[in-house]
Amino acid sequence: MATDFSSIPIIDISSLVAKADDPNMAEDPAVLEVVRQLDKVCTEAGFFYVKGHGIPDTLVKGVRDVTRRFFELPYEEKAKIKMTAATGFRGYEKIGENITQGVPDMHEAIDCYREVTQGMYGDLGKVMEGNNQWPQNPPTFEVIMEKYISLCTDLARKIMRGIALAIGGSPDEFEGQRAGDPFWVMRLLGYPGVSSENGTNVMKNDIGCGAHTDYGLLTLLNQDDDINALQVKNLSGEWISAPPVPGSFVCNIGDMLKIYSNGLYESTLHRVINNSSKYRVSVVYFYETNFDTAVEPLDTHKTRANGNKKFERAVYGEHLISKVLTNFVDE
Ligand SMILES: N=C(N)NCCCC[C@H](N)C(=O)O
Ligand SMILES: O=C(O)CCC(=O)C(=O)O
Ligand SMILES: [Fe+2]
């Protein structure tokens, strides 16, 4: 239910982060104020910035730094951790390998997912079985990323407790069978900048990542501080910029939360165009439901008030796999 918003709002979530595991969180006035703001931004835009999130700035910058260093390596080096079907679609993909709506995206990436062991989700999970492929260089790469993933998982869980209240449910609506064992996804992304032959022409770049919605519950996006490239579509069809706000994450809603909220919250279309001359890095963490959970509108007061159940049931793992199997060019 997006509106014709013209900018992306910022929320200070420090009270929620501090009290999200307090049994009385739902009676705390400061928490309830954050919940009220979450409800507003989720209803109006489906996109918002969070500050006061508690993840150290050095780590937030650190993951972008090691990512940039990896992408600076020669292709042969990067190809050592090439993404293939045999690796469960984990690893490095070169520029143009990922496609969105049939068009190759101008980005390179390392894709990582919660590890899936053999037989873990039966036939449903076969496609995603595999271990993440981490670069050997710098040697700290894996340790930094694991630390980051674990902090993002905890932060996203806390924000989802706030969103559960915002929808009109109880704080633990997204725990247990629904998202108590969250499937996470992380994409380390690099977008080349524009270059001009003679230095005078203004060049436009191709689409870094075409218009799409995210697949799960909540996305935490960590982008370079000095490049404006992410755009979000409002109800009037205008592309609204989501420029970097240092110290914050951009958050947005995924397809599964749209279903849980019965369309009260929208998984908003967004895209990336890097028209700057600089190479842009972003590290995107996706917090999703349990892999094998069947998602349907919650039976809460507010989602009911939004009308009879509109959305069909979806199994998250099926949704993810249908995307993964169509996201890459055949070689
Ligand atoms: N795991 C997530 N959400 N990834 C978002 C990727 C979006 C681009 C992809 N080619 C697509 O068309 O979906
Ligand atoms: O790089 C970005 O700013 C956004 C990337 C994105 O939307 C995605 O990977 O889903
Ligand atoms: Fe996205």
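Residues numbered from 1 in each chain as written. Chains lettered and ligands numbered in written order. Predicted model: local features only at pLDDT ≥ 70, side-chain atom pairs only at ≥ 80, totals over all residues. Heavy atoms only, no water.

A. Spatial organisation of the coordination of the iron ion (ligand 3). Only His 212 (NE2), Asp 214 (OD) and His 270 (NE2) from the protein reach the iron ion (ligand 3) as donors, at distances of 2.1 to 2.2 Å. One chain supplies every donor for the iron ion (ligand 3), spaced along it as H-x1-D-x55-H. Of the two residues, His 212 sits in strand β8 (residues 209-212) while His 270 sits in strand β13 (residues 270-272), which places them 58 residues apart along the sequence. (Donors = N, O, S within 2.8 Å, 3.2 Å for Na, K, Ca; no water. Helix = DSSP H or I, 4+ residues; strand = E, 2+ residues; numbered from the N terminus.)

B. Representation of the site of ligand 1 within the structure. Neighbouring ligand 1 are the residues Asn 98, Ile 99, Thr 100, Arg 187, Cys 209, His 212, Asp 214, Tyr 215, Phe 286 and Asn 327. A distance of 2.9 Å separates a nitrogen atom of ligand 1 from a polar backbone atom of Ile 99. Residue Asn 327 places a side-chain N or O atom 3.0 Å away from a nitrogen atom belonging to ligand 1. Out of a free accessible area of 370 Å², ligand 1 has 93% covered by protein chains. If you list the elements that add at least two residues to the shell around ligand 1, you get β4 (99-100) and β8. The class makeup of the residues in the shell around ligand 1 is four nonpolar, four polar and two charged. (Near = heavy atom within 4 Å. Polar contact = N/O pair within 3.5 Å; in protein donor to acceptor, adjacent residues only side chain to side chain. Areas by Shrake-Rupley, 256 points an atom, 1.4 Å probe, with all protein chains shown as cover. Nonpolar A, V, L, I, M, F, W, Y, C, P; charged D, E, K, R; others polar.)

C. Spotlight on the nonpolar core. Ile 163, Phe 174, Met 186, Leu 217, Leu 218, Leu 220 and Leu 257 are the most contacted members of the largest nonpolar core, which totals 99 residues. If one sorts the elements of this core by residue count, helix α6 (residues 141-167) sits on top with 14 residues. What Leu 218 contacts, discounting residues up to four positions off in sequence, is Phe 48, Ala 156, Ile 159, Met 160, Ile 163, Cys 251, Asn 252, Gly 254, Tyr 285, Phe 286 and Tyr 287. (Core = buried A, V, L, I, M, F, W, Y, C linked by side-chain atoms within 4.5 Å. Buried < 20%, exposed > 50% of the residue type's maximum accessible area, 1.4 Å probe, protein only. Contact = heavy atoms within 4.5 Å.)

D. Summary view of helix α3 (residues 57-71). An ideal rise of 1.5 Å per residue puts 21 Å on 15 residues; α3 measures up with 22 Å between its terminal C-alpha atoms. Turning to α3, its buried residues number three or more, namely Leu 59, Val 60, Gly 62, Val 63, Arg 64, Val 66, Thr 67, Phe 70 and Phe 71. (Expected span 1.5 Å × (residues − 1).)

E. Spatial organisation of the sheet that holds strand β10 (residues 230-233). Taken in spatial order, the four strands make up an open sheet running β8-β13-β10-β11, and their pairing is antiparallel. The open sheet terminates on both sides in strands that have one partner only, identified here as β8 and β11 (239-241). Ignoring strand direction, the axes of neighbouring strands in this sheet form an average angle of 25 degrees. Across three bridges, β10 lies against β11 in antiparallel orientation. (Pairing = 2+ DSSP bridges. Axes fitted to C-alpha atoms, helices over the stretch in contact; angles between N-to-C directions.)

F. Structural context of the environment of Arg 271. For Arg 271, the position within the fold is in strand β13. Taking relative accessible area as the criterion, Arg 271 reaches 18% and is therefore assigned buried. The sequence separation of Arg 271 and Gln 177 amounts to 94 residues, and the corresponding C-alpha distance is 32 Å. Among all residues touching Arg 271, those that are not within four sequence positions of it are Cys 209, Gly 210, Ala 211, Ala 229, Leu 230, Gln 231 and Trp 239.

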